[in-house]
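Residue-level listing of the chains:
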Number of protein chains: 2
Amino acid sequence: MVTGPRGLSIGRIAAAAGVNLETVRYYERIGLMPPPDRTEGGHRAYDAAHVRRLAFIRHARALGFGIEDIRTLLALAAPGHRSCRDVRDIASAHLAEVRTKLAQLARLERILGDTVDRCSGAATPACPVLDMLDAPM
Amino acid sequence: MVTGPRGLSIGRIAAAAGVNLETVRYYERIGLMPPPDRTEGGHRAYDAAHVRRLAFIRHARALGFGIEDIRTLLALAAPGHRSCRDVRDIASAHLAEVRTKLAQLARLERILGDTVDRCSGAATPACPVLDMLDAPM
DNA sequence: CATGCATCCCGTAGCCACTACGGGATCAAG
DNA sequence: CTTGATCCCGTAGTGGCTACGGGATGCATG
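As the structure is a prediction and not an experimental result, all values here were calculated from the model.

Each helix and strand in chain A was counted, giving six helices and two strands. Ordered by position from N to C terminus, the α and β elements of chain A give α-α-β-β-α-α-α-α. Taken over the C-alpha atoms alone, chain A extends approximately 75 × 40 × 20 Å along its principal axes. Relative to its 137 residues, chain A shows a buried fraction of 38%. For chain A, contacts bridging at least 24 residues in sequence account for 39% of all contacts bridging at least 6. Total accessible area on chain A stands at roughly 8000 Å², and carbon and sulfur atoms take up 52% of it. Separation of charge centres in chain A, based on 19 positive and 15 negative side chains, amounts to 7 Å.

DNA strand C sits among 21 residues. The nearest are Thr39 and Arg61 of chain A together with Ser9, Gly11 and Arg44 of chain B. Atoms of DNA strand C within 4 Å of the protein belong to the sugar or the phosphate in 73% of instances, the rest to bases. Contact distances for DNA strand C include 3.3 Å between a base nitrogen and a side-chain N or O atom of Glu22 of chain A. Tyr27 of chain A is positioned with one of its side-chain polar atoms (N or O) 2.9 Å from a phosphate oxygen of DNA strand C. At the level of elements, helix H2 (21–29) of chain A together with helix H1 (10–17) and helix H2 (21–29) of chain B are the ones that each hand at least two residues to the surface near DNA strand C. Element by element, the count of residues in the surface near DNA strand C is highest for H2 of chain A, at five residues. Along the lines of polarity and charge, the residues of the surface near DNA strand C split into five nonpolar, 10 polar and six charged.

The next thing to look at is the packing of aromatic side chains. Each aromatic ring pair is characterised by the separation of its centres together with the angle its planes make. Residue and element names in this part refer to chain A. If you walk through the whole model with that rule in mind, you get two aromatic pairs over all chains. Judged by centre distance (5.8 Å) and plane angle (45°), the ring pair of Tyr26 and Tyr27 falls under tilted. Assessed through its relative accessible area of 7%, Tyr27 is described here as buried.

Near DNA strand D, the surroundings consist of 20 residues, among which Ser9, Gly11 and Arg44 of chain A together with Thr39 and Arg61 of chain B are the closest. Of what DNA strand D places within 4 Å of the protein, 73% of the atoms are sugar or phosphate. A distance of 2.8 Å separates a phosphate oxygen of DNA strand D from a polar backbone atom of Gly11 of chain A. Within the side chain of Arg44 of chain A, one N or O atom sits 2.7 Å away from a phosphate oxygen of DNA strand D. Elements supplying a minimum of two residues to the surface near DNA strand D: helix H1 (10–17) and H2 of chain A together with H2 of chain B. Examining the composition of the surface near DNA strand D, we find that four residues originate from one element, H2 of chain B, more than from any other.

Rules and cut-offs
Residues numbered from 1 in each chain as written. Chains lettered and ligands numbered in written order. Predicted model: local features only at pLDDT ≥ 70, side-chain atom pairs only at ≥ 80, totals over all residues. Heavy atoms only, no water. Helix = DSSP H or I, 4+ residues; strand = E, 2+ residues; numbered from the N terminus. Buried < 20%, exposed > 50% of the residue type's maximum accessible area, 1.4 Å probe, protein only. Contact = heavy atoms within 4.5 Å. Areas by Shrake-Rupley, 256 points an atom, 1.4 Å probe, with all protein chains shown as cover. Lys, Arg positive; Asp, Glu negative; His and termini not counted. Charge placed at Lys NZ, Arg CZ, Asp CG, Glu CD. Near = heavy atom within 4 Å. Polar contact = N/O pair within 3.5 Å; in protein donor to acceptor, adjacent residues only side chain to side chain. Nonpolar A, V, L, I, M, F, W, Y, C, P; charged D, E, K, R; others polar. Phe/Tyr/Trp six-rings, centres within 6.5 Å; stacked < 30°, edge-to-face > 60°.

Take a look at the structure:
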């Protein structure tokens, strides 16, 4: 099994995963990405496993999982440790948080939307938005 | 017009507005709250205007406005400068952001909810959540 | 008046997940 | 061999607070 070319640069895997180059370095610093090999000159040289791991992280972040959750998910995703039950526990806890935020944001949108609708847009002092901010809620 | 008692302590106005004491100090540090009078011993002594201003800020934060927006809103709420048009511009810009976040969060909830539903909860290696995180999205 | 305890003082550092900066080294193409 | 893109590293900044700690004050008792 030949490894092929010497490995991908940090810029390449960052672009491949759709994340910032500095984010990859950050993930390495916090131990989320394992340190890759280096070229003679000290540049990082990644392999396919790194690319997969970074994609996993990126997907999990896109779903709103926090770094610590992702750390756990990565451990649970390792061969031999896969347990759907544990994964589901993390995912449903996160889902519950998402639903809470969603409800809060929807409430906020409703109040804000209603108030802005009542705004005349005139250059007058009277303003429903300011009235609401002044009044107790 | 007598000012009455010497003024409220930071702890009292914080409790009155439902914010942390340290948050009030923070607002003063960043220039959102004006520095109040002090007692001989150096403790802050607030008046009714401070209380109203803090309540305004608290309401605006509850609606998700950022600090800089609130700074502007406070200026626009000052007597003589009240302009419903300017206020509405800020509020509707914020509303647009809220709606964007709401849509993103709703999408996230849908994907996450669907995937978790397909989870058996069994102690098996096969897991829809991990499958999704591994696969390109 | 003394005591004790709650409250407040201030500066600093930490939280999350990045992002930005800057001066120098390295890489790869021509 | 030159050039221009990329990468190196450490550090600091973002938003909006929150926490900490050691000392000073305020106020209500005894």
